[in-house]
Amino acid sequence: MVSPRLSVASMAVAGLLVACGDSGRADSASATAPTTVATSIGSLTLPETTMTDPTQGGSMSASEGTDGTVGQTESASGDPPTTTNASMSGPTTNGGPKFDLGVTPDGGTGCAGDMDIDESFIWIPATSDGLVSKINTRTLVEEARYLTGPSGATESVSRTAVSGDGRFVVVNARGTGRSTAVAANISDCIDFNGDGQITTSTSVADILPWGTDECVVWTIVHANWSGQYIEGPRGITWTIGDYDKATCTYKNQKVWLGFGALQAGSANMVRLDGATGVMEQSIEAVAWNGSGYAPYGGALDPLGNAWFTGLRGELARVNANENPISLTRIPQPSNIQTYGMTVDRNGNPWLAGCQGPVSTYDVATSQWISVAGTNACHRGMAIDHDDHAWVASNSPCGLVEINVPTRTLVAQHTLAQCSTPIGVSVDVDGFVWLVDQAGWAWKIDPQNVPAMQNIPVAGDHYVYSDMTGGQLKSVTPPPG
């Protein structure tokens, strides 16, 4: 399928270097006052015409410290699918390789007027293959696999983010500077070739060639990406959007994500239209403190602000409700060693330190608080429906449970099989999902951890993000 490339405008915004210690982090565990940086631009309206966006390849490092995948020099190629507004009707059920759009699909609207989602998926990237797997969290069946770019393993897919209604996922590719969106439901897929049918993957073995799966609704290569693997897009989160009672759907959903800018040492935080991938806003953080890496983690707070973390570096909040949008940059104590992250229902970021404690930044008091007894190499983390945080742990290998309101350690759980636990998410039913990099996932009942279920998922999985949309649901009140 021949498709024109998406036009993306490049916008540079002045940032501010935060004065810190030698490593760019605070030298002590005491709280440090944040610095607020106002941007010089508002939102940008792009023309409707499609223009060419030059695809940029990048030199990938031979290693990424503990950030898993060995890279190689690559030149990105291949035309992404046409960027088109996706249909915004409710979720449906897949039924075969081609779907006749002339017949109402099975499944209904997926809500009873109050956006109670009647389906749930976890999207797990196969970093080693450039794929993303769609797994039904209730049946435990892997329903489909999708290529996320034309370059296979060189894409080095990592962070995924799912919209709050569960209908779309965006996958970030560290190796090629690419972000790709996939629709969970046939009604949101796009008939790119105009044949009146939707052609898409229907099973674990049914992987369609790049550019032919019509549930891959858009893909872009970020125009202002530095081209370096370690600065490829990582941290990512959706906004919840505006709820439409008439259709039981969310409209106007956006995606915030971060990557390394062309200006050496700077990071871009950009806002994309969730339906099209068109960039609407860009903020540049000059002298980004993230150990040389792109913004590592991303999550939303209850006010709609996007938070980003630097790898063992700084904490930043995009103040999305200000006009113009501004960036608040917060130095971290040097002992925290940030790796994974999330944000709780009160708007406080939580950080999983690798060779450091699990910690939170109390926004109201501007205080850093670490949880006693949690010093390890922690990776991804998520907070469940009962305000318990679950954190993947390496050295020791297992799963850490924390009481969020009291900020205390509950338990360090042993896993029935444990190699390199990486990503943690919570599904719509409240089950905790732990993805192991070595090729499987655990579905865990928070009230009965030993009864965990093992789900094999082929590939190497390097992921630290909201694979289910659970983080958005946890910080967003149900629509009235």
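Going along each chain's sequence as written, the residues are numbered from 1 onward. Per-residue local features are limited, in this predicted model, to residues with pLDDT of at least 70; the limit for side-chain atom pairs, both in listing and counting, is 80 or more; totals at the level of whole chains, interfaces and linings are taken over all residues. Hydrogens and waters are ignored; side-chain quantities use all the structure's heavy atoms.

Considering the nonpolar core
Nonpolar side chains in soluble globular proteins tend to end up buried together.
Next, step 1: One finds W123, Y146 and L272 to be the most contacted residues of the largest nonpolar core, which totals 43 residues.
Next, step 2: Here the element with the most residues in this core is strand β7 (residues 168-173); it accounts for 5 residues.
Next, step 3: The contact criterion used is simple: two residues touch if any of their non-hydrogen atoms lie within 4.5 Å. Contact partners of W123, with chain neighbours within four places excluded, come to V132, S133, K134, Y146, T160, V162, V169, V182, A183, A184 and M467.
Next, step 4: If you look at the next biggest cluster of nonpolar residues, it comprises 19 residues, including I124, Y296, C354 and C377. Residues belong to one nonpolar core when they are buried, are Ala, Val, Leu, Ile, Met, Phe, Trp, Tyr or Cys, and are joined through side-chain atoms within 4.5 Å. Only protein chains enter the accessibility calculation, which uses a 1.4 Å probe. A residue is then buried if its area is under 20% of the maximum for its type, exposed if over 50%, and partly exposed in between. Runs of E in the DSSP output that reach at least two residues are strands. Runs of H or I that reach at least four are helices, and both are numbered from the N terminus.

Quick notes on the pattern of salt bridges
Side chains that differ in sign of charge can pair as their charged atoms come close.
Next, step 1: By salt bridge we mean one thing: a side-chain nitrogen of Lys or Arg within 4 Å of a carboxyl oxygen of Asp or Glu. Scanning the model with the defined rule gives 12 salt bridges in all.
Next, step 2: Between R145 and E142 there is a salt bridge, with the nearest N and O atoms lying 2.4 Å from each other. The two residues R145 and E142 agree in class, both being buried.
Next, step 3: Between E155 and R178 there is a salt bridge, with its nearest N and O atoms 3.4 Å apart. With E155 in the loop between β5 (142-147) and β6 (157-162) and R178 in strand β8 (residues 178-183), this residue pair connects regions lying 23 residues apart in the sequence. For the pair shown, E155 and R178 are each scored as buried.

Overview of the sheet that holds strand β29 (residues 421-426)
Strands belonging to one sheet form pairs held by backbone hydrogen bonds; the direction of such a pair is parallel or antiparallel.
Next, step 1: When DSSP finds two or more bridges between two strands, those strands count as paired. Strand order in the open sheet formed by 4 strands is β29-β30-β31-β32, and the pairing between neighbours is antiparallel. Unpaired on one side and paired on the other, β29 and β32 (448-456) mark the two borders of the sheet. Across this sheet, the average inter-strand angle for adjacent strands is 25°, counted without regard to direction.
Next, step 2: With 5 bridges connecting them, strand β31 (residues 440-445) and β32 associate as antiparallel partners. Residue pairing for β32: W442 is matched across the bridge by N454. The convention used is that axes are lines fitted to C-alpha atoms, helices contributing only their stretch in contact, and that angles between N-to-C directions extend from 0 to 180 degrees.

Some remarks on the state of the cysteines
Next, step 1: Defined by distance alone, a disulfide is two cysteine sulfur atoms within 2.5 Å. Within this structure, the stated rule accounts for 3 disulfides.
Next, step 2: Between the sulfur atoms of C189 and its disulfide mate C215 the distance is 2.0 Å. Because the torsion about its S-S bond is 90°, the bridge between C189 and C215 counts as right-handed. With C189 in the loop between β8 and β9 (197-199) and C215 in the loop between β9 and β10 (216-221), this residue pair connects regions lying 26 residues apart in the sequence. C215 shares its class with C189; the two are buried.

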